[in-house]
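Fold and contact review
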Amino acid sequence: MKKFIGISIAVAFVLTWGVSAKNLKSSFTPKDPFNIKSRLLGSSRIVNGVPATLGQIPEQVYLLGYSDPLGLIEMYACGAIIVRPRWVITAAHCLDVTSSLGTPVASIRLRAGMVNLNNPGSTQQSILVLASGNIYPHPNYNSDTLENDIGLIRATSLLVSQFNLNGPNVRAANLPSSTLNMANYVGTDLRISGYGLTQTNGNTSTILLTAVIKIISFSSCDQVYAPDGIPSTCFCGQDSTAPISSGCQGDSGGPATIMIGTTRTVVGVVSFGGDTCGTPPQGFTEIAKFITWMNQYINGS
């Protein structure tokens, strides 16, 4: 069964996998582990990962969703990716949470430039964004099939207008061209990262963890999730060498990166996984398919 990888519960900070209407599980870790979580892919922690170093993944964002506009009542946690000083991308299921959590998100805090949530250091940047008018799940996102599981957030507030990208620890991701075909990268190393669970139904991590898995073919991933299959807007990755590494609850919305030549390129958004972290393939929204859609917002502001 496929599930969202990543909303984590805010009050207790307990992350659990959610079960979607189909077999996908998202990496979303909600506050209510048996409601919204059952639909999302996971939590924000990497299974069998290693701690990231400061500046290693400068596009990584820790996303907290709140039920109030002042950012006081936490509902869930996800990952996100800086793509411009004023824009980040994440999974659509990290923005469209009403059906899973029972209440819409009212505000979102975006934290970047750190690798330790409890000791972020002087390079941390934090922006509290009002959801109204600033979050854009893809208009064709399907919460049952996870098609088009991508969304944009305008990272601006009255106090902070945008991320400062002048330092080495907070940077915009290098994105692929719209013509990139992930089928040509089967077998390539894929780096994933997040603050989610380190094992199924385990504890969340306060340290940014990272791991490397391999891109696998669409057909082999689709067979694993039969009979429902996987979204046409995704690609998959899986580790085959023990100890198995993977994303888990709470990692949804975070970056999946490959090397294209000498350039680190973020090609995927963490989207879904199976019932058990580390075993079935993990699904990623294929960013190249959404470059034109993203630019309609990004280039207009």
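Before reading further, recall that the structure is shown in the block above.
Below, the structure is looked at part by part. (Residues numbered from 1 in each chain as written. Predicted model: local features only at pLDDT ≥ 70, side-chain atom pairs only at ≥ 80, totals over all residues. Heavy atoms only, no water.)

A closer look at the packing of aromatic side chains
- Considering all chains together, one arrives at seven aromatic pairs under this definition.
- Ring geometry for Tyr62 and Tyr195: centres 5.2 Å apart, planes at 70°, overall edge-to-face. Remark: Tyr195 occurs in the loop between strand 11 (189-194) and strand 12 (209-216) and Tyr62 occurs in strand 4 (residues 60-66); sequence separation between them is 133 residues.
- We classify Tyr62 as buried; its relative accessible area is 5%. (Phe/Tyr/Trp six-rings, centres within 6.5 Å; stacked < 30°, edge-to-face > 60°. Helix = DSSP H or I, 4+ residues; strand = E, 2+ residues; numbered from the N terminus. Buried < 20%, exposed > 50% of the residue type's maximum accessible area, 1.4 Å probe, protein only.)

With respect to the side chain of Thr257
- In this fold, Thr257 is placed in strand 14 (residues 255-260).
- On the basis of relative accessibility, which here comes to 7%, the residue Thr257 falls in the buried class.
- Ignoring anything within four residues of it in the chain, the contact list for Thr257 reads Glu59, Asp189, Leu190, Arg191, Arg264, Thr265 and Val266. (Contact = heavy atoms within 4.5 Å.)

Quick look at the pairing of strand 12
- Burial analysis of strand 12 places six of its eight residues in the buried class, which makes it a mostly covered element.
- Bridge count between strand 3 (residues 50-51) and strand 12: two bridges; the pairing is antiparallel. The partner of Pro51 across the bridge, within strand 12, is Leu209.
- Note that strand 11 and strand 12 share six bridges and pair antiparallel. Its bridge partner lying in strand 12, Ser193 is registered against Thr210.
- Note that strand 12 and strand 13 (residues 234-238) share three bridges and pair antiparallel. Looking at the pairing, Ile216 lines up with Cys236 of strand 13. (Pairing = 2+ DSSP bridges.)

Considering the pattern of salt bridges
- All told, the structure shown has three salt bridges when counted by the stated rule.
- Notably, a salt bridge pairs Arg264 with Glu59, separated by 2.8 Å at the nearest N-O pair. With Arg264 in strand 15 (residues 263-272) and Glu59 in the loop between strand 3 and strand 4, the pair connects residues that are 205 residues apart, well separated along the chain.
- With relative accessibility at 28%, the residue Arg264 sits in the partly exposed group.
- For Glu59, a relative accessible area of 2% corresponds to the buried category.
- Of the charged contacts, one joins Glu286 and Lys289 as a salt bridge, the two residues approaching to 4.0 Å between their closest N and O atoms. (Salt bridge = Lys/Arg side-chain N within 4 Å of Asp/Glu carboxyl O.)

Shape descriptors only; they carry no functional weight alone.
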